[in-house]
Amino acid sequence: LFGLGLGRVLQITHARSWGIDLGKSGLTDQARYLATLVALLTLLVLFTVQDRLLDGRAAWLGWVLAPFWLAALLGFFTWAPRMLLHNRVTVRDVFPGAAFTVLALVGLRLLSRYMLANWFEWYAKYYGGLGITMALFFWMLLAASVIVVAAALSPALAERRDLREAASLASS
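What comes next is a walk through the structure. Predicted, not measured: the structure shown is a model, and the values here were computed from it.

So, how was this worked out
Note on numbering: residues in each chain are counted from 1, in written sequence order. Given that the model is predicted, a residue must reach a pLDDT of at least 70 before its local features are reported, and side-chain atom pairs must reach 80 or more before they are shown or counted; all residues, however, enter totals for whole chains, interfaces and linings. Neither water nor hydrogens contribute to the side-chain values; these are computed over all heavy atoms in the structure. A run of H or I in DSSP becomes a helix once it reaches four residues, and a run of E becomes a strand once it reaches two; helices and strands are each numbered from the N terminus. Exposure categories follow from relative accessible area, calculated using a 1.4 Å probe and restricted to protein chains: below 20% of the type maximum is buried, above 50% is exposed, and the middle band is partly exposed. A contact between two residues is defined here by any heavy atoms of the two lying within 4.5 Å. Residue-level accessible areas treat just the shown protein chains as cover; the underlying method is Shrake-Rupley with a 1.4 Å probe. Counted charges follow a simple rule, with Lys and Arg positive, Asp and Glu negative, and His plus the chain ends left uncounted. A single reference atom marks each charge: NZ on Lys, CZ on Arg, CG on Asp, CD on Glu. Patches were defined on residues exceeding 30% relative accessible area and lacking a salt bridge, with like-charge contacts within 9 Å and nonpolar side-chain contacts (Val, Leu, Ile, Met, Phe, Trp, Tyr) within 5 Å. Salt bridge, as applied in this entry: a Lys or Arg side-chain nitrogen positioned within 4 Å of an Asp or Glu carboxyl oxygen.

Details of the overall build of the protein chain
The secondary structure content of the protein chain amounts to five helices and zero strands. Ordered by position in the sequence, the α and β elements of the protein chain form the string α-α-α-α-α. Out of the 172 residues in the protein chain, the part that is buried amounts to 28%. Counting contacts in the protein chain only where the partners sit at least 6 residues apart, residues at least 24 apart contribute 72% of the total. Total accessible area computed for the protein chain in this model is approximately 11,200 Å², and 70% of it derives from carbon and sulfur atoms. In the protein chain, 15 positive and 9 negative side-chain charges are present, and the distance between their average locations comes to 2 Å.

Given below as structure tokens:
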């Protein structure tokens, strides 16, 4: 099934970052990949439907719904690594990486408001229709890089939090 590789890539990235050996991928892992894909596609479809329904309406509605979307993304990026790693890491461990992922993706979304249209125009000017495809793939590469970097930083962020807490307890 097209798209299941996304879950596998996320699993491998998080497993290597956390130093967890999951062994060979089995049928249950395929179900995990499917669950990851379905959850992500559900979020994308809901966001697209919301965007179409709110088009031309009061801008404040988008701001009211923004905290719910942040919570949904934070939930997804907390749930997915835990589930893909067979719950071998805690919510407390993956939460800093999830927060970093969401903040970076929100930053990319804000940046896309100002840059993406110009980027498409520039690539289309020099490369035609292929340029738009190239620009879109580069933008997807940026988003994927954010997710991979966040996965790689997740153990370090969790360790840093633990060290700060230990230092705080030792000083009190």
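Examining a nonpolar patch on the surface
A cluster of nonpolar residues, Trp122, Tyr126, Tyr127 and Leu130, forms a patch on the protein surface that exposes about 480 Å² of accessible area. Residue placement: Leu130 occurs in helix H5 (residues 129-171).

Topic: the pattern of salt bridges
In the structure shown here, the tally under the stated rule is six salt bridges. Between Asp29 and Arg32 there is a salt bridge whose closest N-O contact spans 3.5 Å. A residue pair is termed a helical-turn pair when its members lie 3 or 4 positions apart in one helix, as Asp29 and Arg32 do in helix H2 (residues 27-54) at three residues. We classify Asp29 as buried; its relative accessible area is 3%. The class of Arg32 is partly exposed, set by a relative accessible area of 21%. Of the charged contacts, one joins Glu165 and Arg92 as a salt bridge, the two residues approaching to 2.4 Å between their closest N and O atoms. Taken as a pair, Glu165 in helix H5 and Arg92 in helix H4 (residues 91-127) lie far apart in primary sequence, 73 residues in all. Through salt bridges with shared partners, one network takes in Arg92, Asp93, Arg161, Asp162 and Glu165.

Some points on the environment of Phe137
Among the structural elements, Phe137 can be located in helix H5. Phe137 sits in the exposed class, given a relative accessible area of 53%. When the C-alpha positions of Phe137 and Leu41 are compared, they lie 18 Å apart, and in sequence the two are 96 residues distant.

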